[in-house]
Amino acid sequence: MFRHTPLRYATLAVLAAGMFAAAMTAEYFGLEILTEIAILAILVLALDMVAGFGGMVSLCHGALMGVGAYAYAVLAAKAGLAPPVAMAAAIAISGACSWVIGAICARSHGIYFIMATLAFGQMAYSYAFDSAALGGDDGVSGIPRLDLSAIGIDLNDGQSFALFCLLALAAAYGAAVIILRSGLGRSLTGIMHNEQRMRAVGLVTWRVKADVFGLSGMIAGLAGVLAAQHIMFVSPGLLAWTVSGEALVVVILGGLGTLVGPLVGAVLFVLLKHEISNVTPYWHLVVGVILVAVVMSRANGVFGWIEARVARWQAPRVISSRKEQVKNA
Amino acid sequence: MLETRNLDKSFGAIHVTRDVSLKLERGERRVILGPNGAGKTTLFNQLVGELRPDTGSIHLAGEDVTALPVATRARRGLSRSYQKNTLFDGLTVAENLALAASVATGNAMNMWTDSLAKPEIRDIVDDVANQVSLIPYIHAKVSEVSYGVRRQLEVGVALATRPLVLLMDEPTSGVGPEMAKGFHDLLNNLPRDLTLLIIEHDMDLAFDVADTITVLNYGEVVFDGLPEQARGSQLLKEIYLGSWEDA
Ligand SMILES: Nc1ncnc2c1ncn2[C@@H]1O[C@H](COP(=O)(O)OP(=O)(O)OP(=O)(O)O)[C@@H](O)[C@H]1O
Ligand SMILES: [Mg+2]
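Residues numbered from 1 in each chain as written. Chains lettered and ligands numbered in written order. Predicted model: local features only at pLDDT ≥ 70, side-chain atom pairs only at ≥ 80, totals over all residues. Heavy atoms only, no water.

**Q** Can you help me understand the coordination of the magnesium ion (ligand 2) in this one?
**A** Metal coordination angles in their ideal form are 109.5 degrees for the four-donor tetrahedron and 90 or 180 degrees for the six-donor octahedron. Of the protein atoms, only B:Thr41 (OG1) and B:Gln83 (OE1) coordinate the magnesium ion (ligand 2), at distances of 1.9 to 2.1 Å. Linking B:Thr41 in helix α1 (residues 40-48) with B:Gln83 in the loop between β6 (78-81) and α3 (93-104), this pair joins segments that are 42 residues apart in sequence. (Donors = N, O, S within 2.8 Å, 3.2 Å for Na, K, Ca; no water. Helix = DSSP H or I, 4+ residues; strand = E, 2+ residues; numbered from the N terminus.)

Now the structure itself:
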């Protein structure tokens with residue numbers, strides 16, 4: 001079950017300070033990278049909620065993000081809705097789609113669950129690709145950013161937008177923590193450990209799965225809304241299953257079921273991508289090698305590895321302090 | 001409180017439940033005896049809804065629940081423990097109990113508040129941990145505690161749903177005589193209005209806690225009566241006690 005540890009708090013503090021400092025000092029390109037990190041981090045938070053705490057390994061979270069992006073694009077750019085209304089509606093729409101997918105897939109497990117979510121993702125992708133209303137291959141352009149001029153903020157400025165995305169990330173993290181610590185989130189973790197027993201104690205397990213999947217989809221939708229505002233353009237590529245695959249890689253690289261780990265994973269992933277692609281076009285190859293190394297090491301990602309090291313380092317101290325207690329007694 | 005009428009179930013050619021009619025009054029403590037493979041666990045699976053009977057019906061507190069899913073029956077007060085431990089292995093003892101308690105208190109679907117911090121859930125966790133002697137292990141992970149402790153937790157999770165009817169499938173299976181005695185004390189300390197249906201191999205324990213006894217053989221009720229009658233029954237000796245006394 002989810003809980004914060006001193007190490008997790010410390011990691012969050014370092015991440016928050018680092019990202020804030022980067023937002024205050026970076027130039028144009030750095031701000032772009034920072035924004036990319038924030039959006040990816042929101043998406044992987046959403047994925048870790050269901051995969052790491054519910055065993056629901058989803059290959060449609062990229063598509064859910066895409067649904068949020070398209071919904072915002074259509075409502076704000078085509079239907080002319082005010083951006084805040086379009087944002088809220090887009091998040092609600094991706095949440096609703098996600099709830100339905102979760103409810104349908106809740107009865108399948110393991111590889112079948114993965115395949116079912118992949119199928120839903122591919123359906124969304126091909127719909128966006130073929131639909132004239134959604135601009136087909138060309139996508140939708142002319143997407144406005146949120147207008148915060150009333151409080152003196154211009155989100156068309158790169159720095160302001162990066163800070164806005166960081167704020168959204170903080171809100172998404174807070175929401176994920178509240179959900180995972182709630183009765184609903186704990187029920188989900190109970191289901192992951194033993195669905196039969198959760199049913200035997202009276203829980204309607206599919207509802208729990210669908211509800212958390214829906215909430216997770218809302219967070220993925222938020223990532224999509226921000227992505228659409230960031231590049232001011234959406235195309236079917238956003239819904240491609242490779243986006244979901246990449247998100248899963250980031251979650252595993254960071255540490256499945258730790259919530260903090262995927263944030264670390266998102267930072268490492270985007271930084272690595274930019275650093276390595278400066279040197280060689282084969283950056284996917286390098287990321288692949290790193291992923292294989294992480295998986296083969298049997299550690300739970302980079303953050304999981306650190307947590308295990310810290311736990312081992314603390315273990316002898318606990319024993320020696322117990323010995324002292326015995327001595328003092 | 002709990003009643004079955006003409007329950008029947010076959011797995012292909014194996015007839016595992018034959019025309020079983022049982023009736024438990026509120027607060028009654030009934031022990032089910034029967035040799036291995038008699039269909040005791042299969043009967044439990046039908047009572048809680050994990051298996052559908054082929055024919056016949058099941059009634060809980062006067063209502064026909066035969067068509068209701070497992071979770072609905074559980075929320076109406078029917079709880080069970082398993083012969084083979086069915087726990088949340090990666091979680092702590094307290095978390096195991098809290099998961100069950102959060103369903104019973106209507107907190108399992110709540111999206112806002114931390115269920116582990118709720119006083120009503122903590123009270124149940126403490127209470128049940130006390131009842132089944134789990135206080136010393138309360139923060140240990142299930143994977144870290146001994147088999148005997150897990151056996152106690154198995155009953156504890158069932159109790160944490162605050163049931164009206166509790167079904168226990170061989171709660172003492174695989175534990176030593178000392179722990180079996182502990183279960184005996186536990187049973188005697190349970191509230192008197194809780195209806196109990198216990199599958200039990202330990203004859204002493206069975207005769208001691210039972211108000212009534214049902215004996216199953218080849219899926220059929222071959223005895224239904226008081227413990228004193230069971231002790232004297234010739235039929236029972238032949239099919240069940242005999243084989244035990246010889247052993
Ligand atoms: N799902 C199933 N499919 C087919 N046969 C089954 C199934 N479950 C149980 N059986 C068979 O039904 C019979 C009764 O099994 P059950 O587990 O109910 O016996 P039991 O009285 O609980 O025995 P024990 O004392 O060993 O626990 C056995 O012959 C068993 O092999
Ligand atoms: Mg059995």
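Moving on, there is more to tell.
**Q** Explain helix α3 (residues 61-78) of chain A here, please?
**A** Over its 18 residues, α3(A) extends 25 Å from the first C-alpha to the last, a length consistent with the 26 Å expected when each residue adds 1.5 Å. Count one or two residues on from α3(A) and you reach A:Gly80, which has phi positive near 70°. (Expected span 1.5 Å × (residues − 1).)

**Q** Could you clarify how one ought to interpret the packing of aromatic side chains in this entry?
**A** Residues and elements named next belong to chain A. One pass over the full model with this rule turns up six aromatic pairs over all chains. Consider the rings of Phe2 and Phe53, whose centres lie 5.9 Å apart with planes at 70°: the pair is edge-to-face. Note that Phe2 is positioned in the segment before α1 (6-25) and Phe53 in helix α2 (residues 28-54), a separation of 51 residues in sequence. Residue Phe2 is classed as buried on the basis of its relative accessible area, which comes to 2%. Residue classification places Phe53 among the buried residues on the basis of a relative accessible area of 4%. Arranged with centres 6.1 Å apart and planes meeting at 70°, the rings of Trp99 and Trp206 form a pair that is edge-to-face. (Phe/Tyr/Trp six-rings, centres within 6.5 Å; stacked < 30°, edge-to-face > 60°. Buried < 20%, exposed > 50% of the residue type's maximum accessible area, 1.4 Å probe, protein only.)

**Q** Hey, could you run me through the site of ligand 1 in this one?
**A** Residues and elements named next belong to chain B. Among the 13 residues in the neighbourhood of ligand 1, the closest are listed as Val16, Lys40, Thr41, Thr42 and Gln83. Backbone polar atom of Gly39 to an oxygen atom of ligand 1: 3.0 Å apart, as the coordinates give it. When isolated, ligand 1 has an accessible area of 640 Å², and the protein chains bury 61% of it. A per-element tally of the shell around ligand 1 places α1 first, with three residues. Looking at the shell around ligand 1 residue by residue, the class counts come to four nonpolar, seven polar and two charged. (Near = heavy atom within 4 Å. Polar contact = N/O pair within 3.5 Å; in protein donor to acceptor, adjacent residues only side chain to side chain. Areas by Shrake-Rupley, 256 points an atom, 1.4 Å probe, with all protein chains shown as cover. Nonpolar A, V, L, I, M, F, W, Y, C, P; charged D, E, K, R; others polar.)

**Q** Just to check I follow, could you spell out the interface of chain B and chain A for this structure?
**A** Interfaces are frequently sized by the accessible area removed from exposure as the parts join. Taken together, the contact between chain B and chain A spans 32 residues of the former and 27 residues of the latter. Carbon and sulfur atoms supply 64% of the area that chain B and chain A bury against each other, a total of about 2,400 Å² over both sides. Interface area lost by chain B to chain A is led by B:Phe88, B:Met109 and B:Met111, which between them contribute 24%. Linking chain B with chain A are three salt bridges. Summed over the shared surface of chain B and chain A, the result is 14 residue pairs in polar contact (both at pLDDT 80 or more). Tallied by class, the residues present in the side of chain B that touches chain A amount to 17 nonpolar, nine polar and six charged. (Contact = heavy atoms within 4.5 Å. Buried area = accessible area lost by both parts, 1.4 Å probe. Salt bridge = Lys/Arg side-chain N within 4 Å of Asp/Glu carboxyl O.)

**Q** Mind showing me how you'd approach the environment of A:Ile252 here?
**A** All names here are of chain A. Topologically, Ile252 is positioned in helix α10 (residues 241-254). Residues Ile252 and Arg207 lie 45 residues apart in sequence; the distance between their C-alpha atoms is 26 Å. Every residue in contact with Ile252, bar those within four places of it in the chain, is listed here: Leu291, Val294, Val295 and Gly301.

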